Structures are given as C-alpha cells and as structure tokens.
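If you want the building blocks of each chain, they are given just below.
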Amino acid sequence: MKIAIYGYGNLGRGVELAIRQNPDAELFGVFTRRDPKTVTTLTGAPVYAAQDVENYVGQIDVMIICGGSASDLPEMTPMLAKSFNVVDSFDTHARVPEHFANVDKAALLHGHTAIISAGWDPGLFSLARLYMNTVLPDGRDYTFWGRGVSQGHSDAIRRIPGVKDARQYTVPVEDALAKVRAGENPELTTRQKHTRECYVVAEEGADKALIEKQIKEMPNYFADYDTTVTFISAEEMKLNHSELPHGGQVIRCGATGKDGAHKHVMEFSLKLDSNPEFTASVLVACARAVVRMNSRQIFGCKTLFDVPPADLSPIDPAEMRKKLL
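Residues numbered from 1 in each chain as written. Predicted model: local features only at pLDDT ≥ 70, side-chain atom pairs only at ≥ 80, totals over all residues. Heavy atoms only, no water.

Focus on the overall build of the protein chain
A count of helical and extended segments in the protein chain gives twelve helices and 14 strands. Relative to its length of 325 residues, the protein chain is compact, with a C-alpha radius of gyration of 22 Å against a globular reference of 20 Å. Across its three principal axes, the protein chain shows a C-alpha extent of roughly 65 × 55 × 35 Å. By the burial criterion, 49% of the 325 residues in the protein chain qualify as buried. Pairs at least 24 apart in sequence give 68% of the contacts found in the protein chain among residues at least 6 apart. Surface exposure of the protein chain reaches about 16,600 Å², of which carbon and sulfur atoms provide 50%. Each charge class in the protein chain can be summarised by its mean position, and for the 36 positive and 41 negative side chains these summaries are 3 Å apart. (Helix = DSSP H or I, 4+ residues; strand = E, 2+ residues; numbered from the N terminus. Rg over C-alpha atoms; globule rule 2.2 N^0.38 Å. Buried < 20%, exposed > 50% of the residue type's maximum accessible area, 1.4 Å probe, protein only. Contact = heavy atoms within 4.5 Å. Areas by Shrake-Rupley, 256 points an atom, 1.4 Å probe, with all protein chains shown as cover. Lys, Arg positive; Asp, Glu negative; His and termini not counted. Charge placed at Lys NZ, Arg CZ, Asp CG, Glu CD.)

A word on helix α4 (residues 124-135)
Spanning twelve residues, α4 covers 17 Å between terminal C-alpha atoms, matching the ideal 16 Å at 1.5 Å per step. Residues Phe125, Ser126, Leu127, Ala128, Arg129 and Met132 constitute the buried set of α4. Buried-residue contacts for α4 involve β7 (139-145), β12 (246-256) and β13 (262-272). (Expected span 1.5 Å × (residues − 1).)

Here we look at the packing of helix α2 (residues 73-81) against helix α3 (residues 96-110)
Packed helices, taken two at a time, are described by the angle their axes make and the gap between the axes. Running from amino to carboxyl end, α2 crosses α3 at an angle of 15°, the nearest separation of the two axes being 7 Å. Judged by the angle between their axes, α2 and α3 are roughly parallel. Where α2 crosses over α3, the handedness of that crossing is right-handed. Taking contact as the criterion, the partners of Leu73, Pro74, Thr77, Pro78 and Ala81 in α2 are, on α3, His99, Asn102, Val103, Ala106, Ala107 and His110. (Axes fitted to C-alpha atoms, helices over the stretch in contact; angles between N-to-C directions. Parallel < 35°, antiparallel > 145°, perpendicular 65-115°, else oblique. Left-handed = near helix turned anticlockwise from the far one by under 90°.)

A look at the side chain of Asp72
Examined against the element boundaries, Asp72 turns out to sit in the loop between β4 (62-65) and α2. Within the structure, the side chain of Asp72 is placed 3.1 Å from the backbone nitrogen of Gly68, a separation counted as a polar contact. Excluding residues within four positions of it along the chain, Asp72 makes contact with Arg33 and Gly67. (Polar contact = N/O pair within 3.5 Å; in protein donor to acceptor, adjacent residues only side chain to side chain.)

Remarks on the sheet that holds β12
The three strands lie next to each other as β7-β12-β13, forming an open sheet whose pairing is antiparallel. Edge strands, defined here as strands with exactly one partner in the open sheet, are β7 and β13. Across the sheet, the mean angle separating the axes of adjacent strands is 10° when strand polarity is ignored. Judged from the eleven bridges that link them, β12 and β13 form a sheet pairing that is antiparallel. The partner of Gly247 across the bridge, within β13, is Lys271. Packed on one face of the sheet, α4 meets β7, β12 and β13 and runs near 5° to β12. (Pairing = 2+ DSSP bridges.)

Brief notes about the pairing of β4
For a regular strand, side-chain orientation follows a simple rule: the groups alternate between the two sheet faces. Here β4 shows no split at all, with Val62 and Ile64 on one side and Met63 and Ile65 on the other all buried. In the sheet, strand β1 (residues 2-6) pairs with β4 via four bridges, with the strands oriented parallel. Among the inter-strand pairings, Ala4 is bridged to a residue of β4, identified as Met63. Judged from the two bridges that link them, β4 and strand β5 (residues 86-87) form a sheet pairing that is parallel. Across the sheet, Met63 pairs through a bridge with Val86, a residue of β5. Handedness of the β-α-β unit built from β4, α2 and β5 comes out right-handed. (Right-handed = clockwise from strand over helix to strand, strands pointing away.)

Regarding the nonpolar core
By size, the foremost hydrophobic cluster in this structure holds 32 residues, and its most contacted members are Ile3, Val15, Ile64 and Val87. With nine residues, the top contributor of residues to this core is helix α10 (residues 275-295). Other than its neighbours up to four places away in sequence, Ile3 contacts Ile19, Ala25, Glu26, Leu27, Phe28, Gly29, Val62, Ile64, Val284 and Ala287. Residues Ala4, Phe28, Val86 and Ile116 belong to the second largest nonpolar core, which totals 25 residues. (Core = buried A, V, L, I, M, F, W, Y, C linked by side-chain atoms within 4.5 Å.)

Given below as structure tokens:
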C-alpha cells in the first residue's frame, strides 16, 4: 500500500519511521504547508507542497493526516476525504460525533474510506472500554493517564507572557489507582485521580510568582488539579525533558453472580517512551484496514469500533489463527 503523510511534525516523523517496519507499506511522500525545499525527511522521502495534493489523486492508497485536533483536522480530514482514503488521530473526545459526521459525508459522497480518532486514546483505550463494558455490564470505568507529557497543556503554559519554554506532566494519584486495582469501585473526583507537574523556563526578568499563579488558576487545564510549578534552566529542560513519554491505564471494576457476589478487575495499560511514535504505529495499522475495507467497497467514516481486527494485521488469517488465537 502506498501511504502519504500530510503534515510533518512529531507525529508525521513517527509515521515515516513506522512505515519502514511494515513490509507491505511504502511511503509515497510527505505533504507539507511549509516550503518543501526547507523540509528534510528522516528517510529521504520526497516532500511535496500541501497545496499541490490534488495532483496526486489516484497515486496514493491512503493519506495519513498528521495535524492538530484543535484546528487542523476538523478542516483537513473532510477536505482530503473527498480525494483520498484517509486516517487521522482526532482526539477531542467531545467533538468526535461532529467530526465523524463531517468526514462521513465527504467520504461517502466520493467513494472513499476513512478512519478517524485512531491512536491510543481515543483508539486502543476506546476498544478496551468497549470490550470491558461488554464483558462486565455491571461495573464502572476508570481511565488514568500518565505519567507523561501533555503536549496541549505544555503549549498552554508556553502561551503565558514571560514563559520561554514549558513541559507539563500528567501524573496518576497512586492511592486512587491502587484502590481501583483492588476492586474498591471508589467515587473519584478529577482532583483525586491526577496531579499535574509543570517545569517552566522563564524569560529573564519575568515575574515567576505571577506565572505560577496564572498556571494554577488556568480554567480547564490546571484549576481543577493539584499542580506544582518548578522553574528550571533551558539547559535542564533540554537535558531532562526533551522526550515525549506517555501512557496510562483503562480499568473496569465489575461484578458477576447472584447479588454481585464475585468481583472482577479488567485492565489495559500502556507505557510509552514516545507518544507520537506509538500513535503513528496505530495509524499505519489503520491505514492497512482502510485499504482493505475500501477494496470491499466499505465507504464512509469509521472508527476502531467498526474495523474487523484481522484487517489491521499484515499476518495471513490462517497464520493468525495458528499463532495468536
């Protein structure tokens, strides 16, 4: 399958490397909104101008769109679904129905197949929730994220006047996690589940006390959490906080038997050295599914809920049954 990448940031580079690990995949090239002459790919893949993408209709099996969920993907994915089969990692949970409807309309009209919100949350964590709810209908879900870098929260800090650079880590509260794993089914508030650690490089002469106050009082990001702010040097930031680790757990505590006599805990967890590279690996597997589903004339927008698991794998079905079943 010939895969093209639309957008070349951390996620796009991750997709480029993931394609090399899949022998049935070939990188057609990278499309960028920057001047292609200024972009050098990790593998020497060709770079094209995003504005010229329509010139390559019919030459690409699937386009993996590597943009941001806030403003890029709501526009890019429906637009590109008119001309290509597409995959994206849209992760604004509350807006998934709206995004799905827009992409579905474009893909159906033009005979294309799309998978949106592919990654690990939404994505693999979503599948875990589905399986867990199906198996244990009498129960409660818990999702813990981290310890890992939240790129959106880090960006929010960097927008504060006087901040030169910042990283924000989402950290599960260990006591809460332990109670859930023990099957206690606790009622947990947002503050009780996670804390936030902020590492900030301040500009020279900046009011650090004011910066800390603005961070801790920021609505929708930090106000509902116990938040610590640590000011560090640019050198320390580069040395200790340049990577993008993440992960987390989806846990369901449930009961079966007469009067719920027997308790069960199901857990799916991830520990990731590189959030974008892992997400990219999910996107490439979904690209394979898109190509296969499109060949069967399954058009429109899909999520991982709609994808037959076998369509994600490069393994022959007989070998799959022999090795994995």
